[in-house]
Amino acid sequence: MALEIDAKNAAATGDASTGATGKAKAKETKNNNNNVPAAGEKNLVNGGSTAAKKKGKKNRNKSPPQDAVSVESVAALSNGHAEKAAVNGDAANSDDNANVLADKEAEVKKPSAAEGAEGEGTVAEGDAVAAEAAAADDVDLDALHDVGITVNISSPGSDVLSVQLSSMELVQEIHQLLMDREETCHRTCFSLQLDNVTLDNFAELKTIENLDQGSTIRVVEEPYTMREARIHVRHVRDLLKNLDPADAYNGIDCTSLTYLNTITQGDLLDKKRTRPDSVDCTPPEYVTPGVREPPLLPLHPNIKNAKGPQALKVLTTSAWNPPPGPRKLHGDLMYLYVVTMEDKRFHISACSKGFYINQSTDDSFNPKPDNPSHLSHSLIDLLSHISPSFRRAFQAIQKRRTMRHAFERVATPYQVYQWSAPQLEHTVDAIRAEDAFSSKLGYEEHIPGQTRDWNEELQTTRELPRKTLPERLLRERAIFKVHGDFVTAATRGAMAVIDGNVLAINPGEDAKMQMFIWNNIFFSLGFDVRDHYKELGGDHAAFVAPRYDLHGVRVYNAVDVEGLYTLGTVVIDYRGYRVTAQSIIPGILEREQEQSVVYGSIDFGKTVLSHPKYLELLRLAGKHLKILPHSVLNERDEPVELCSSVECKGIIGNDGRHYILDLLRTFPPDVNFLKLRDVQLSKELTDMGFPIEHRHKLCCLRQELLEAFIEDRYVTFIRIAAVHLQQLNAKKQAATAASAEKELPAIAEKQEEQAEEVKPEEEEKEKPQQQEESAPSASETKSAEAMVNAIREAQSNVAVSNEVQAAEVVKRACAAVGSLKEKEFDFRFNPDVFSPGIRHIDGPDGGVQSLAKQKRLVQDAAEFLVLKQIPAFIKEHMAHSSPPIDGQSLTESLHSHGINIRYLGKVIKMLGQMPRMDYLHRIAVLELIVRATKHIYYTYMQSTEPLHLSAAISHFLNCLVTTGPVNPAVSSEEAHKKQTRTNGGKHNKHNKATKGSKPQQAAATQNGNGTAAGGSASSSGSSGSSSDWTLMTPRSLWQQIRKEAKTYWNWDLDCDSIETAASKYGLLRISLLRAFCLKVGIQVLLREYNFESKHKPTFGDDDIVNVFPVVKHISPRATDAYNFYTTGQTKIQQGMLKEGYELISEALNLLNNVFGAMHQENGSCLRMLARLSYLLGDAQDALAIQQRAVIMSERVNGIDNPSTILEYAHLSLYSFANGHVGMSLKLLYRARYLLVLICGEDHPEVALIDSNISLILHALGEYELSLRFIEHALKLNLKYFGNKAMHVAVSYHLMARTQSCMGDFRSALNNEKETYSIYKSQLGEKHEKTRESAECLRLLTHEAVALQRKMNDIYSNGKLTSDLPPIHITPPSMGSVLEMLNTINGILFVHISQKDIVKVRSEIEKHLKTNTEENEITDALKTIVASANNNDNAPETEQPKGDVNAATPTQHTNGSEDATTTVSS
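K.L.:
So what's going on with the overall build of the chain? Residues and values would help.
P.N.:
When helices and strands are tallied, the chain shows 49 helices and 26 strands. When the accessible surface of the chain is totalled, it reaches about 56,000 Å², and 53% of it is carbon and sulfur.

K.L.:
Give a description of the sheet that holds strand β4 (residues 148–154) that names residues and reports values.
P.N.:
Read from one edge to the other, the open sheet built from 5 strands follows the order β5-β4-β8-β6-β7, with strand pairing classed as mixed. Two strands close off the open sheet at either side, each with one partner strand: β5 (161–166) and β7 (197–198). As defined by bridge partners, strand β6 (residues 190–194) adjoins β7 across 2 bridges and the pair is classed as antiparallel. Bridged to Gln-193 within β7 is Thr-198. Sheet contacts for helix α4 (residues 171–180): β4, β5, β6 and β8 (216–221); angle to β6, the most-contacted strand, approximately 125°.

K.L.:
I'd like to hear about helix α17 (residues 612–625), residue by residue, with values.
P.N.:
Given 3.6 residues per helical turn, the α-helix brings residues three or four places apart onto the same face. Taking 1.5 Å of rise per residue, the 14 residues of α17 would be expected to cover 20 Å, and the 19 Å separating its terminal C-alpha atoms lies within 8% of that figure. When α17 is considered as a whole, its buried residues turn out to be Tyr-614, Leu-615, Leu-617, Leu-618, Ala-621, Gly-622 and Leu-625.

K.L.:
How would you explain the nonpolar core if you had to name every residue and give the values?
P.N.:
With 271 residues, the main nonpolar core has Tyr-556 and Tyr-937 as its most contacted residues. The element best represented in this core is helix α27 (residues 918–942), accounting for 15 residues. If sequence neighbours within four positions are ignored, Tyr-556 has contacts with Leu-564, Thr-566, Leu-618, Ala-621, Leu-625, Ile-627, Ser-644, Ile-660, Leu-663 and Thr-666. Counting residues in each nonpolar core, the second largest holds 31 residues, with Ile-348, Leu-379, Leu-382 and Ala-393 among its members.

K.L.:
Got a sec to walk through the side chain of Arg-1195? Specific residues and values, please.
P.N.:
Within the fold, Arg-1195 resides in helix α38 (residues 1179–1196). Buried and unpaired, Arg-1195 has no salt bridge, with Glu-408 as the nearest side chain of opposite charge at 7.4 Å. At 2.7 Å, the side chain of Arg-1195 forms a polar contact with the side chain of Ser-256.

K.L.:
Any chance you could break down the packing of α38 against helix α39 (residues 1202–1217) for me, citing the residues and the numbers?
P.N.:
Where α38 meets α39, the closest approach of the two axes is 9 Å, and the angle between their N-to-C directions is 160°. When the axes of α38 and α39 are compared, the pair comes out roughly antiparallel. The hand of the α38/α39 crossing is left-handed. For the pair α38 and α39, contact is made by Ala-1179, Ala-1182, Leu-1183, Gln-1186, Gln-1187, Ala-1189, Val-1190, Ser-1193 and Glu-1194 and by Ser-1203, Thr-1204, Glu-1207, Tyr-1208, His-1210, Leu-1211, Tyr-1214, Ser-1215 and Ala-1217, respectively.

K.L.:
Talk me through the sheet that holds strand β14 (residues 515–518); I want residue IDs and the actual numbers.
P.N.:
Here 5 strands make up an open sheet; going across it, the order is β14-β15-β18-β17-β26 and the pairing antiparallel. Two strands close off the open sheet at either side, each with one partner strand: β14 and β26 (1110–1113). Adjacent strand axes in the sheet meet at a mean angle of 20° when their direction is disregarded. Where β14 meets strand β15 (residues 521–525), 4 bridges bridge the pair, whose relative direction is antiparallel. Across the sheet, Ile-517 pairs through a bridge with Phe-522, a residue of β15.

K.L.:
Hey, could you go over the pairing of strand β22 (residues 649–652) for me, with residue numbers and the actual values?
P.N.:
For a regular strand, side chains alternate in direction, first toward one face of the sheet and then toward the other. With 2 bridges joining them, strand β19 (residues 597–599) and β22 adopt antiparallel strand pairing. Bridge pairing links Tyr-599 to Gly-650 in β22. Here β22 pairs with strand β23 (residues 658–661) via 4 bridges, running antiparallel. In the sheet register, Lys-649 faces β23, and the bridge partner there is Leu-661.

K.L.:
So what about unusual backbone geometry? Which residues, and what values?
P.N.:
With the exception of glycine, the majority of residues adopt a negative phi angle, and the majority of peptide bonds are in the trans configuration. Here the amide bond leading from Asn-321 into Pro-322 is cis, since omega sits at -15°, within 30 degrees of zero. Residue placement: Pro-322 occurs in the loop between β9 (312–317) and α8 (325–329). Note that the residue after Phe-690, namely Pro-691, is joined by a cis bond; omega there is -5°. Position of Pro-691 among the secondary structure elements: in the loop between α18 (683–687) and α19 (703–730). One non-glycine residue with positive phi stands out, namely Asn-519, at about 55°. Phi at Asn-1050 takes a positive value of approximately 55°, unusual for a residue other than glycine. Considering the arrangement of structural elements, one finds Asn-1050 in the loop between α32 (1034–1049) and α33 (1058–1065). Exposure remark for Asn-1050: the relative accessible area of 16% places this residue in the buried category.

K.L.:
Could you give an account of the packing of aromatic side chains, naming the residues involved and the relevant values?
P.N.:
Counting across every chain of the model gives 35 aromatic pairs. Here Phe-717 and Phe-825 contribute two aromatic rings whose centre-to-centre distance is 5.0 Å and whose plane-to-plane angle is 45°, an arrangement assigned as tilted. One end of the pair, Phe-717, is in helix α19; the other, Phe-825, is in the loop between α23 (801–817) and α24 (851–878), with 108 residues separating them in the sequence. Across this residue pair, the class does not change: Phe-717 and Phe-825 are buried. Aromatic ring contacts, followed pair by pair, group Phe-709, Tyr-714, Phe-717, Phe-825, Phe-827, Phe-829 and Phe-864 into a single cluster.

K.L.:
Could you give an account of the confidence of the model for the chain, naming the residues involved and the relevant values?
P.N.:
Averaged over every residue, the pLDDT of the chain is 77; residues scoring 70 or more account for 73%. In this model residues 794–801 is a low-confidence stretch, pLDDT under 50, and it forms 12 contacts with partners more than four residues away in sequence or in other chains. The model gives residues 1409–1465 a pLDDT under 50, and that stretch makes 141 contacts with residues more than four places away or in other chains.

K.L.:
Describe the pattern of salt bridges, naming the residues involved and giving the relevant values.
P.N.:
Across all of its chains, the model carries 62 salt bridges by this definition. A salt bridge links Lys-868 to Asp-712; its shortest N-O distance comes to 4.0 Å. With Lys-868 in helix α24 and Asp-712 in helix α19, this residue pair connects regions lying 156 residues apart in the sequence. Relative accessible area serves as the criterion here: at 44%, Lys-868 is assigned to the partly exposed category. We classify Asp-712 as partly exposed; its relative accessible area is 25%. A salt bridge links Arg-856 to Asp-860, with the shortest nitrogen-to-oxygen separation between them at 2.9 Å. Remark: Asp-860 and Arg-856 occur in helix α24; sequence separation between them is 4 residues, near one turn of the helix. Given a relative accessible area of 38%, Arg-856 falls into the partly exposed group. Each of Arg-462, Arg-466, Arg-475, Asp-560 and Glu-562 takes part in salt bridges that share partners, so that together they form one network.

K.L.:
So what about the pairing of strand β10 (residues 332–340)? Which residues, and what values?
P.N.:
Of all 9 residues in β10, 9 are buried, a share of seventy percent or more. In this sheet, strand β11 (residues 345–351) lies alongside β10 in antiparallel orientation, the contact comprising 7 bridges. By the bridge assignment for β11, Met-334 is matched with Ala-350. Counting the residues between successive antiparallel strands, the hairpin from β10 to β11 contains 4 residues, one of them, Asp-343, with a positive phi of roughly 70°.

K.L.:
For the environment of Ala-952, give the residues involved together with the corresponding values.
P.N.:
Following the sequence through the fold, Ala-952 ends up in helix α28 (residues 949–961). In this structure the C-alpha to C-alpha distance between Ala-952 and Tyr-940, which are 12 residues apart in sequence, comes to 8.8 Å. With sequence-adjacent residues up to four places away left out, Ala-952 is seen in contact with Tyr-940, Thr-944 and Trp-1029.

K.L.:
Describe helix α25 (residues 887–896), and please don't skip the residues or the numbers.
P.N.:
When α25 is considered as a whole, its buried residues turn out to be Gly-887, Ser-889, Leu-890, Thr-891, Ser-893 and Leu-894. Each element contacted by the buried residues of α25 is listed here: α24, α26 (904–912), α27 and α39. Two residues or fewer after α25 comes Gly-898, characterised by a positive phi angle close to 80°.

K.L.:
Kindly report on the side chain of Glu-1241, identifying the contributing residues and their values.
P.N.:
With respect to the element layout, Glu-1241 can be found in the loop between α40 (1221–1239) and α41 (1244–1259). For Glu-1241, the side chain forms a polar contact with the main-chain nitrogen of Gly-290, separated by 2.8 Å. Discounting residues that sit within four places of it in the chain, Glu-1241 has contacts with Thr-288, Pro-289, Gly-290, Val-291, Arg-1232, Val-1236, Val-1246, His-1272 and Leu-1276.

K.L.:
Residue-level account of the environment of Leu-904, with values.
P.N.:
Take Leu-904: it is sitting in helix α26. By relative accessible area, which is 0% here, Leu-904 ends up buried. Between the C-alpha atom of Leu-904 and that of Leu-928, which follows or precedes it by 24 residues, the distance is 7.1 Å. The contacts of Leu-904, once residues within four sequence positions are left out, are Leu-890, Leu-894, Ala-924, Glu-927, Leu-928 and Trp-1049.

What counts, and where the lines are drawn
- Residues numbered from 1 in each chain as written.
- Predicted model: local features only at pLDDT ≥ 70, side-chain atom pairs only at ≥ 80, totals over all residues.
- Heavy atoms only, no water.
- Helix = DSSP H or I, 4+ residues; strand = E, 2+ residues; numbered from the N terminus.
- Areas by Shrake-Rupley, 256 points an atom, 1.4 Å probe, with all protein chains shown as cover.
- Pairing = 2+ DSSP bridges.
- Contact = heavy atoms within 4.5 Å.
- Axes fitted to C-alpha atoms, helices over the stretch in contact; angles between N-to-C directions.
- Expected span 1.5 Å × (residues − 1).
- Buried < 20%, exposed > 50% of the residue type's maximum accessible area, 1.4 Å probe, protein only.
- Core = buried A, V, L, I, M, F, W, Y, C linked by side-chain atoms within 4.5 Å.
- Lys, Arg positive; Asp, Glu negative; His and termini not counted.
- Salt bridge = Lys/Arg side-chain N within 4 Å of Asp/Glu carboxyl O.
- Polar contact = N/O pair within 3.5 Å; in protein donor to acceptor, adjacent residues only side chain to side chain.
- Parallel < 35°, antiparallel > 145°, perpendicular 65-115°, else oblique.
- Left-handed = near helix turned anticlockwise from the far one by under 90°.
- Phe/Tyr/Trp six-rings, centres within 6.5 Å; stacked < 30°, edge-to-face > 60°.
- pLDDT = per-residue confidence, 0-100.

As structure tokens, then:
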């Protein structure tokens, strides 16, 4: 029944060849347990992998606690290819099943924590959601949930199994379920029968006749085919190696690590509450304050027994394969060879009936069945027969496999690489070998037809309908699926290209100029091949161009204009090379580029073409991207209109689609980094050293910056207009003035509000250019229109002449902010305005087409970045509310403000003057050093031969982070060659490059100063030293780093070795090592490194375990989920936690639908839900959800990612609230260790974690330890928050508490006095905090006096020999500790009546609008506002990362300072 349909045709029509409706129906399911034969490869036709999402009910106590999570269904766009072995899980599915929220297997913990919201659409119909997801969709939400049905499944040799399924599931999913369950997982080749009728795998359960509640479905073993037998063997091998973390360390199959269960020693939810006295709470050495270099080993705990027991020594295909003709006719399919743990050797035959032992030996072939032959349908049964140790080991493996959390087993959407790995033993594995060396690309055997047509798949998914919610979910899921597979394939291909495993399509050319096609993906290297970028900066420009191009692809994809297509693009950095992978436009390879381009220019503007259809499509996109349509002259001096940059090329493919490519100049250039003749920067900028000449001329401004700039101008525009209006009205006659004056401030205010609300996107509706001069048409900007209306109302009773005045007001305001149009607010940018060699058509001065005006605008934006955005960025981080932890989080934060990394030098200079920003300064310096080193490392790697990679990398690391000897490890013979090579000088090197055309050798021609000498490899210039890697010394490397820092960032790094860097900036070497390895993709051996070693080099060549690709790609978004999420956040900020909770649960459901179970955005939803559950008082639910959030963050972001640290800190709070005291300490220790590993101890976040640890230790009576942590926290709080801050007051108070418990009343008194003085000065005498502190002082004084009396008694009696009377200390109750924990983590339970909330809400809105930081804390009302405001804000307002205008995330540190004041401790 395997329908051999050509995959391409099916994909093209988007048709399901397996019947029913003609929608894109292939519903991909793939067992994520990696125990499907197909699991070796992630890509099936539409390659379902990241799956596993079920909205199962929440009873975890059903018989065997299996997380049957593997049953995933992802609809994708190609034929349903109903091959019988549905193991690869291809299944067709009807369109309304867009979200397979099956209330399925009770065993699955329900990802959406909304338990109540099981059957209904959880959306309050009348809510803001209705506005977000058009009203029609609300109905669809109900259609998504469906009815449950319970069936019994009987399989040979095991008990009847009862499962709950959903009527929308496919029969296929029962297959997956059985292959995942402990008792049935060894079967792969079976069919399901109901009343002796075999069920169709791709039928939905509701379409099957006679299937009722309680029906029994029988599992019937089917005869094997060759393909089935191979699938079965692969499945067995996957089951046996299920626990082995090797795949995660090697970075294959989208597996990754998680250590939460190792740290908590089992599932947190099954734990009993611990009695405080039974807890071992001494922190390990490396967690106590004052640690210098944290060790590396604890990063991967439990390495020893991670693998699980070994079941077999060898399981491999036999060398007697394939069966000879006569045996084929006897039904032999294949032969296997097995060595058991008892050291017995067996040759096994597979036939259609199953597996049996034959009489062959290693040197003689005798396929006859052995006696006894033990024929079994399942290979596992056979092996259990012949090897008792196999049986025992297999049961143990199964037990551990089924105990793991569902999230530990699902594949992640993209591969996560580890930067350190233990020594893995390399085992014999025929299937792994076959995958690596077979000529197939790894997945042909699982799909009918041949390789995938990536371009067709990527574009077809974009064309899917998107009118209703189910349609959009289906479309977004398909886009995400195909994109994920494309990224995986592109990464694999890029590595093959660099490893020399792919033949070039132009093998005769120089190695740098070669291009490759592999698996229908086009690969090119990041070198300036045909002097294409000669004017723009040569190889440097060629290196960054792909990244800018990717930005362009990302924004055009986000705008999602129907009919406009971009190429699938992935940029991969691997072994020092940059590879761009792109999908192929149909027909482009058959013709020359000149013939294909119908829009844009292929020679940087000498010849320019335009095309009406492209203009129409790009104009639509340009509205959102703020791109100004402009005209340029072509070679015949004719004007040509463009709606994008000149470089952007339009090609109509053979499939008739309109593609755009080369989007590297989508946004306007950054004039601060271009030396231009006709540009005069303002004095402030020239004083700062701008313009800085950059290495390449492709620098452009970020989209986030343009949006911030326009918004800023818009607010100014409204203010100016309002002022002018008030002046106008002041001149009116008294009567009208009186009435108008009342309204106008209101108008001004209304406009202010609008300024906040109107998103830049809606700010102006484009008018066609021709109407410019005519009267303003109806399609004017909404804002301007609103204003004009308001003005008209205000003047309705005044003569008409005033309208002219009103227009005058708008005109003046436009002129003041520099709008492109005279009479309306219009800000768009011309990306070509400073491009050399392009001749623009200059419009009349003051008009939209005026070049001077366009240039001015681009300059203003660049100036805005330096003078407004950088200070805004620093000011925002002054509160330390969500401080960046490593270079990556710093980069994200800068980007969200629209600041490019090339401004990092400027940011560091500004941070350097602020002692309170010390930690951020250090992170920024570290990031700058790492990036500078990366540039050097890439050229260094390109000139290294594959033979010496590990030696070269270890040598480089020695030069970078150690002070000891760094003699490169090369054998004497190599050294001899080296001698002659250096003597021979250029001549020999030249020969070397011309001899072989390996990229590694020819790459020596790329040298640091970007003037690539064509083919000759005389690598002179700045990278002279890197032509031979053995010549590098720590001194020379650090000099290069300094030089790089100066030329690229214009920043003076004054240190010439790691030691001076460490002492001057406080950098940790291990942090530098981690940051660098992650940045360039190195994996080092997991062991303790002694960086101070004086006698032998720290890194040897065995310490470099692997090199990984660093992959950049776009991340498809889930728009509906995003809308639900933002609406939910708004609700939470208004204090409606319940409604917020439901909306965010629904968002999580939709995310599960689009992305499957594992995704970063699902993680932020889970964290938010846990936080809300906690605020709503359900600590147990919070714990369950947060546990999933932690595992997800470890799997998707990495085990030492900053977000993982925050998740751990949250989890510890919730587990303390649930009475798991010891656990919460272990989690905090883990969080602190990771934090110190990444950025050292001097960080505000460390202060928070230390306060938490100290509190819990205090609760356990470990006063000395507690004191060490709180002293450290106090020191940090004083440094970062100043001595009058609330944080500091709380720290002093905690210290006093601990000291009083230790009987040191004098110190306690002094500390509590500090607390009192801070509260008094900040809050005033009357405040309850101040009063509490005063009471505390009174008690302490009383205790101290009593103690002194006793002492005096003893002295006066002279009986010093007797013991001191015991001091009565009551240890704090757990409740009071929890309250204190909530306080310092910024969680507030404020009880206010509904009436107050209403009153307060209007205040909050004003408070949010004006955004003033000068809050008069004394003012009582404001205090309530702050508390309510903080109560609403306590849940983080984080948005999924994908969004460009994402709000700044506020994470879990104590809200704003004035908020903490209202917290009751």
